[in-house]
Amino acid sequence: MSSNTWIIIALILGFIITFQIAKASEYVAVLRGEERTRRENNRINAFLLLAFLVLGLFGVWYCNDILKGRILGEAASDHGERIDTMLYITLAITGIVFVITQALLFWFGYKYQEKENRKAFYFPHNNKLELIWTVIPAITLTILVGFGLYYWFQITGEAPKNAQIVEVTGKQFGWEFRYPGRDGKLGKKYYKNIDEANSNPLGQIWEDKDNHDDIYVSQEMHIVVGKPVKLIIGAKDVIHDVGLVHFRMKMDAVPGIPTTMWFTPKFTTKEMKEKYGPDFNYEISCDQMCGSGHWSMRGTVVVETQEEYDRWLAGKTPQYAAAKAAVAPAPPTGTMANATDTVNTSVSNGQPKEFAK
Amino acid sequence: MNQESNNTVRPEVHVTHDGHHVEHDHGHGHHKETFITKYIFSQDHKTIAKQFLISGMIWAVVGGLMSVLFRLQLGYPDQSFEILETFFGRWAEGGQIKPEFYYALITMHGTILVFFVLTGGLSGTFANLLIPLQVGARDMASPLMNMLSYWFFFIASVIMMSSLFVQTGPASGGWTSYPPLSALGQASEGSKVGMDLWLLSMAMFIVSSLLGGLNYIATILNMRTKGMSMTRMPLTMWALFFTAILGVLSFPVLLSGAILLLFDRNLGTSFYLSDIYVKGQIMPNEGGSAILYQHLFWFLGHPEVYIIILPAMGLVSEVMSVNARKPIFGYMAMVGSLFAIAILAFLVWAHHMFVSGMSPFLGSFFVLLTLLIAIPSAIKVFNWITTIWRGNLRLNPQMLFAIGFVSMFISGGLTGIFLGNSTIDIHIHDTYFVIAHFHIVMGVAAFFGMFCGVYHWFPKMYGRYMNSTLGYIHFWGTLIGAYLIFWPMHYMGLAGVPRRYMDFRGWTSFNQFGELNKFISIVTIVVFAVQLLFIFNFFYSIWKGRKVRSMNPYGANTLEWTTPIRPGHGNWVGEIPEVHRWAYDYSKDGREFIPQTEPVSPNETKH
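Predicted, not measured: the structure shown is a model, and the values here were computed from it.

Definitions and cut-offs
- Once a new chain begins, its residue numbering starts again from 1 and follows that chain's sequence as written.
- Chain labels run from A onward and ligand labels from 1 onward, assigned in the order the entries are written.
- At least 70 in pLDDT is required for a residue's local features to be given in this predicted model, at least 80 for side-chain atom pairs to be given and counted, and no such filter applies to totals for whole chains, interfaces and linings, which use all residues.
- Side-chain metrics rest on all non-hydrogen atoms present in the structure, leaving aside hydrogens and water.
- Boundaries of every domain are those given by an automatic assignment or by a domain database.
- Buried area: the accessible area, evaluated with a 1.4 Å probe, that two parts lose upon being put together, summed over both parts.
- Within this document, salt bridges are pairs made up of a side-chain nitrogen of Lys or Arg and a carboxyl oxygen of Asp or Glu, the two lying within 4 Å of each other.
- Two N or O atoms form a polar contact when they lie within 3.5 Å of each other; inside protein one atom must be a possible hydrogen donor and the other a possible acceptor, and for residues adjacent in sequence the pair counts only when both atoms belong to side chains.
- Helix and strand assignments follow DSSP, with helices taken as H or I runs no shorter than four residues and strands as E runs no shorter than two, numbered in order from the N terminus.
- Just so you know the grouping, Ala, Val, Leu, Ile, Met, Phe, Trp, Tyr, Cys and Pro go in nonpolar, Asp, Glu, Lys and Arg go in charged, and all remaining residues, Gly too, go in polar.
- Two strands qualify as a pair provided that DSSP identifies no fewer than 2 bridges between them.
- Axis definition: a line fit to C-alpha positions, over the contact stretch in the case of helices; interaxial angles, taken between N-to-C directions, run 0 to 180 degrees.
- A helix is expected to span 1.5 Å for every residue after the first.
- Contact criterion: two residues are considered in contact whenever any of their non-hydrogen atoms come within 4.5 Å of each other.
- UniProt positions are given in the numbering used here, feature names are shortened, and annotations may be inferred rather than shown by experiment.
- Bend at a residue means the angle formed by two fitted axes: the first through the 7 residues ending at that position, the second through the 7 residues beginning there.
- For every residue, the accessible area obtained with a 1.4 Å probe (protein chains only) is divided by the maximum for its type, and the residue is called buried under 20%, exposed over 50%, and partly exposed between those limits.
- In this description, a nonpolar core means a group of buried Ala, Val, Leu, Ile, Met, Phe, Trp, Tyr and Cys residues linked to one another through side-chain atoms lying within 4.5 Å.
- For classification, angles of less than 35 degrees are called roughly parallel, those exceeding 145 degrees roughly antiparallel, those between 65 and 115 degrees roughly perpendicular, and all remaining angles oblique.
- Helix crossings fall into two classes, left-handed where the near helix is turned counterclockwise from the far one by less than a right angle and right-handed where it is turned clockwise.

Enquirer: Honestly, the domain arrangement of chain B in this entry has me stumped. Any pointers?
Expert: For an interface, size is often stated in terms of accessible area lost upon the parts coming together. All names here are of chain B. On domain assignment, one finds that chain B holds domain 1 (36-322) and domain 2 (393-548). A combined buried area of about 4000 Å² lies between domain 1 and domain 2, and 79% of that area is made up of carbon and sulfur atoms. Counting across the domain 1 and domain 2 interface gives zero salt bridges. Applying the counting criterion to the domain 1 and domain 2 interface returns eight residue pairs in polar contact (both at pLDDT 80 or more). Of all elements in the fold, only α4 (45-75), α6 (99-135) and α10 (290-324) reach the threshold of two or more residues within the side of domain 1 that touches domain 2. Considering every element that reaches the side of domain 1 that touches domain 2, the biggest residue donor is α6, with 16 residues. Classifying every residue of the side of domain 1 that touches domain 2 gives 36 nonpolar, nine polar and four charged.

What follows is the structure, given as structure tokens:
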């Protein structure tokens, strides 16, 4: 309470003082002659424009100096490298334009401040100048568009044939993953088959044999270093976005409309931990506003070697088995009866637990 | 044909534009001014402008205060502030904002600032104030529609404000309100009745905007005084003209999008909904497309940012020329680039959707068209800089804000080149980089344009000056503060820090900016206080400001300075002046300024 009150009192006081000074300055202006005061204000503000330019450019450098170490390190995927290259090309070009235009703007503001003996130069237009500064930006932007689209089509093009496939599903507020199992194919699913109570969180259609070896995990995705991975992305409830900040990748997860993205991870989680400390984790952030838990919708990616990955996958049991176990003892409840028609054997398996955040 | 009649009308008759609009003369020729007709249900464009301005300022304080309060959460996520509970009650029990309400706050902050302040408050104020005054008309084409435009805005305001007080809270799906989040009450508290109120309010707002926009277009096209050809109009007129066209063509699309969303919410349709399982419930909707809404929304949403920035460009061009005592450089190029921006505004909407799953091939066209906008923008910046080159600059508050506008427009425009390039956008989409970009280029820059206009035309509105010392403090505080707030956010964006997160402590990738967030929050509070200084200055000066003693205090060329110091309804006593030249003959042939009303003498130099 007290601190709030003090802040408010300080604000009000500051307010009153500023106002009194401002009012007094107006009276002084009237006493000393408004014209003279106006000139003086003009000089002061012209100087401040110059000071702002110098301090501002210093500030830009200083800000860069203290923050450059905190933006992400090396891109952890091949696409990420291209994106970083594009970023630095654009940064170089815009950086030059920024410094030149800001410097001219504030320098002119200072240099051409009102002087009694100065006459403004009547200069309504000049076709040559205008042509120059239409053509130069046009050429520059052509270069940027060229580079940009060249990388864009590489990044968004077809995934390589040997790419590993992982299905990612966003929901309020977590991530679910499905691996195609030994057949390399993801089985069909239908959202009306979703039945969390009976171990069918994704709505897999059990009649489809391709589903029988599909592996389900939640919150933690495993992928193989150096091997392209293609994500097939969807959402259950609202729009989410698979944000993979270290790989510089991002793609919306839209209910009803599957999307895809692919990339090749370059470093294992272990390598990254060695580089950036033991706390390092590849994180999946939701980058599309999805409701009250949006800010905490965190998943992780584990990048590992092929052997480690194979070992991890071998330890998983297909969801089909869990579903059969869940359904057989008790008759299906509620709306989901049709989804479970063909499930008639019982195999015991624990349903995957949600990983705590 | 409008022109000859303007000249032959007696001064007592207020609305006097066109021979075949006789009924208007009947309606306005002899109305008695009561308090209500003069200040509340006024049809005088100048009063309506003030109504828009003051409503906009109230909204700006509300929306700005929201940002200060959620900055407390962002800067100090581990602390509790009693002031939050004072303001928000059960939404911030124990002094910490609840997540649902955090999202309601950012949603309302965006909606209020984008629509109610920078569209209603900015266009509404200056289109109303300046169009009749600068084209030489006694009022708008339809003063009644103009009045209705304000009152629809007012109704929209009341509905939006009331949504803050409903049990389940106001809309909280972001100012873009993407479905399915905004369509399903189960998905979010804010998507319950708050969202219906949001949509209803937006519908009213769109009606207001259309009534106003049609009026602005009609007035500029039909009611220019004799001699005021389109190419003699000040750039403010061109800017407001293109703004109105953008609004008239794009707002109806948002309305259609909003109506379909209302249907999905309340009538069981499936325009945007398909394959949804939410809170344990399987929704029956199939076959809709959530992306359809994004197309409809951004078809307005992108022109909307130009609806915000074009008037500011116009105001800045005019003020800069007057105070540099120099013609605006490249008038035709300025008009041409406004036109190019207005056209391109309709062809770039999907650059907001590069990562929505849209076809990358389609996306490539939007990259090209988006980056094309940089060309007219660059022309404008170079022309502004050339305008002050070898000028004789009066650095009064409005001129400083004009220079500040150009600075902000450069900074924010250049970062647009990053975001418009789909390759880079993959990484920085929906991060703090976006926040920094659009706050600088259409938030702060548009506000600078607005301040520039308020300081410059305050004497025309109230017959008094604003206090310039407070104006200087306001300018420097805002310029420095805005850069301190938004410049470092680019770095957070490059680090990939997502926007619309209320707490980063649970993340290892994003928690390195704790100190920076504190710093930004503190600066935000200071900058907000500086804005209150402006508001105080504004209201104090209405009654106590230094009086204007000459009709043309700035030595400006445009027509509004040929009206009496405090013009009545009808603007000019006697005939509307005739125009003989463009608005920018400053420092020509050794004369500091030559008003538009002065005939061209035979030995004048040509430009």
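Still more to cover.
Enquirer: What exactly am I supposed to notice about the sheet that holds strand β8 (residues 259-263) of chain A here?
Expert: What holds strands together in a sheet is hydrogen bonding between their backbones, with the strands either parallel or antiparallel. All names here are of chain A. With mixed pairing, five strands are arranged side by side in an open sheet as β3-β2-β1-β5-β8. Single-partner strands in this sheet number two, and they are β3 (215-218) and β8. Here the average twist between neighbouring strands, direction ignored, is 25°.

Enquirer: It is not clear to me how helix α17 (residues 468-494) of chain B should be interpreted in this structure. Could you clarify?
Expert: For an α-helix, the turn length of 3.6 residues means that residues three or four places apart are oriented alike. All names here are of chain B. Compared with the 39 Å implied by 1.5 Å per residue over 27 residues, the 39 Å span of α17 between its first and last C-alpha is a close match. Two to three positions downstream of the cap, the backbone nitrogen of Thr 469 sits 2.8 Å from a side-chain oxygen, assigning the N-cap of α17 to Asn 467. One or two steps after α17, the chain reaches Gly 496, where phi turns positive at roughly 85°.

Enquirer: Even after reading the chapter, I still don't get the domain arrangement of chain A, so can you show me in this structure?
Expert: All names here are of chain A. Here the domain parsing of chain A yields domain 1 (1-31), domain 2 (33-114 + 125-156) and domain 3 (164-340). Using C-alpha coordinates to define each centre, domain 2 is positioned 42 Å away from domain 3. Contacts between domain 2 and domain 3 engage 14 residues on the former and 15 residues on the latter. Of the roughly 1200 Å² buried between domain 2 and domain 3, counting both surfaces, carbon and sulfur atoms make up 53%. Contact with domain 3 buries surface across domain 2, with Leu 72, Glu 74 and Ala 76 losing the most and accounting together for 43% of the total. For Glu 81, the salt bridge goes to Lys 266, with nearest N and O atoms at 2.2 Å. Linking domain 2 with domain 3 are ten residue pairs in polar contact (both at pLDDT 80 or more), by the criterion used here. Of the residues that constitute the side of domain 2 that touches domain 3, the class distribution is five nonpolar, five polar and four charged.

Enquirer: Just to check I follow, could you spell out the interface of chain B and chain A for this structure?
Expert: Counting from both sides, the interface comprises 131 residues of chain B and, opposite them, 115 residues of chain A. Across the chain B/chain A interface, buried area totals approximately 10900 Å², and carbon plus sulfur atoms make up 69% of it. Among the residues chain B hides against chain A, the three largest losses belong to Tyr277(B), Ile426(B) and Tyr491(B). Together they make up 7% of the total. Where chain B packs against chain A, one counts one salt bridge. When the shortest N-O distance is used, the salt bridge between Glu286(B) and Lys192(A) registers 3.3 Å.

Enquirer: For this particular structure, what's the right way to read the sheet that holds strand β6 (residues 240-244) of chain A?
Expert: All names here are of chain A. Strand order in the open sheet formed by five strands is β4-β10-β9-β6-β7, and the pairing between neighbours is mixed. Two strands close off the open sheet at either side, each with one partner strand: β4 (220-224) and β7 (249-253). The average angle at which neighbouring strand axes cross in this sheet is 25°, direction not considered. Here five bridges tie β6 to β7, and the two strands are oriented antiparallel to one another. By the bridge assignment, Gly 243 is partnered in β7 with Lys 250. The sheet strands contacting helix α6 (residues 306-314) are β4 and β10 (298-304), and the helix crosses β4 at an angle near 140°.

Enquirer: I keep staring at the UniProt feature "domain: Cytochrome oxidase subunit II transmembrane region profile" (unreviewed entry) in chain A and nothing clicks. Help me out?
Expert: Within this numbering scheme, the UniProt entry marks residues 64-159 of chain A as carrying the feature "domain: Cytochrome oxidase subunit II transmembrane region profile" (unreviewed entry). In residues 64-159 of chain A, helix accounts for 71% and strand for 0%; the two terminal C-alpha atoms are 36 Å from one another.

Enquirer: Which parts of the structure should I look at to understand helix α9 (residues 235-266) of chain B?
Expert: Residue and element names in this part refer to chain B. Between its first and last C-alpha, α9 extends 45 Å over 32 residues, near the 46 Å set by a 1.5 Å rise per residue. The largest bend along α9 reaches roughly 30° and is located at Ser 250, with the proline Pro 252 sitting one to four residues downstream. The buried fraction of α9 is high, at 23 of 32 residues. Note on α9: the residue one or two positions beyond its end, Gly 268, has a positive phi of about 75°.

Enquirer: Explain the nonpolar core here, please?
Expert: Side chains of nonpolar character tend, in soluble globular proteins, to be buried together. In this structure, Leu231(A), Leu244(A), Phe115(B), Trp238(B), Trp384(B) and Phe405(B) are the most contacted members of the largest nonpolar core, which totals 289 residues. Setting aside anything within four residues of it in sequence, one finds Trp384(B) in contact with Met313(B), Val316(B), Ser317(B), Met320(B), Ile328(B), Met334(B), Phe405(B), Val406(B) and Phe409(B).

Enquirer: What is the right way to read the environment of Leu369(B) from this model?
Expert: Residue and element names in this part refer to chain B. Mapped onto the fold, Leu 369 is located in helix α12 (residues 360-372). Through-space distance from the C-alpha of Leu 369 to that of Gly 420 is 9.1 Å; in sequence the pair is 51 residues apart. Discounting residues that sit within four places of it in the chain, Leu 369 has contacts with Leu 344, Leu 347 and Val 348.

Enquirer: What exactly am I supposed to notice about the packing of helix α2 (residues 34-67) of chain A against α17(B) here?
Expert: Between two packed helices, both the angle of their axes relative to each other and the distance between the axes serve to describe the pair. Two numbers describe how α2(A) lies on α17(B): the axes approach to 11 Å, and their chain directions differ by 15°. With respect to their mutual orientation, α2(A) and α17(B) come out roughly parallel. As α2(A) packs across α17(B), the resulting crossing turns out to be right-handed. Between α2(A) and α17(B), the residues in contact are Asn41(A), Asn45(A), Leu48(A), Leu49(A), Phe52(A), Val60(A), Cys63(A), Asn64(A) and Leu67(A) and Tyr472(B), Trp476(B), Leu479(B), Ile480(B), Tyr483(B), Trp487(B), Pro488(B) and Tyr491(B), respectively.

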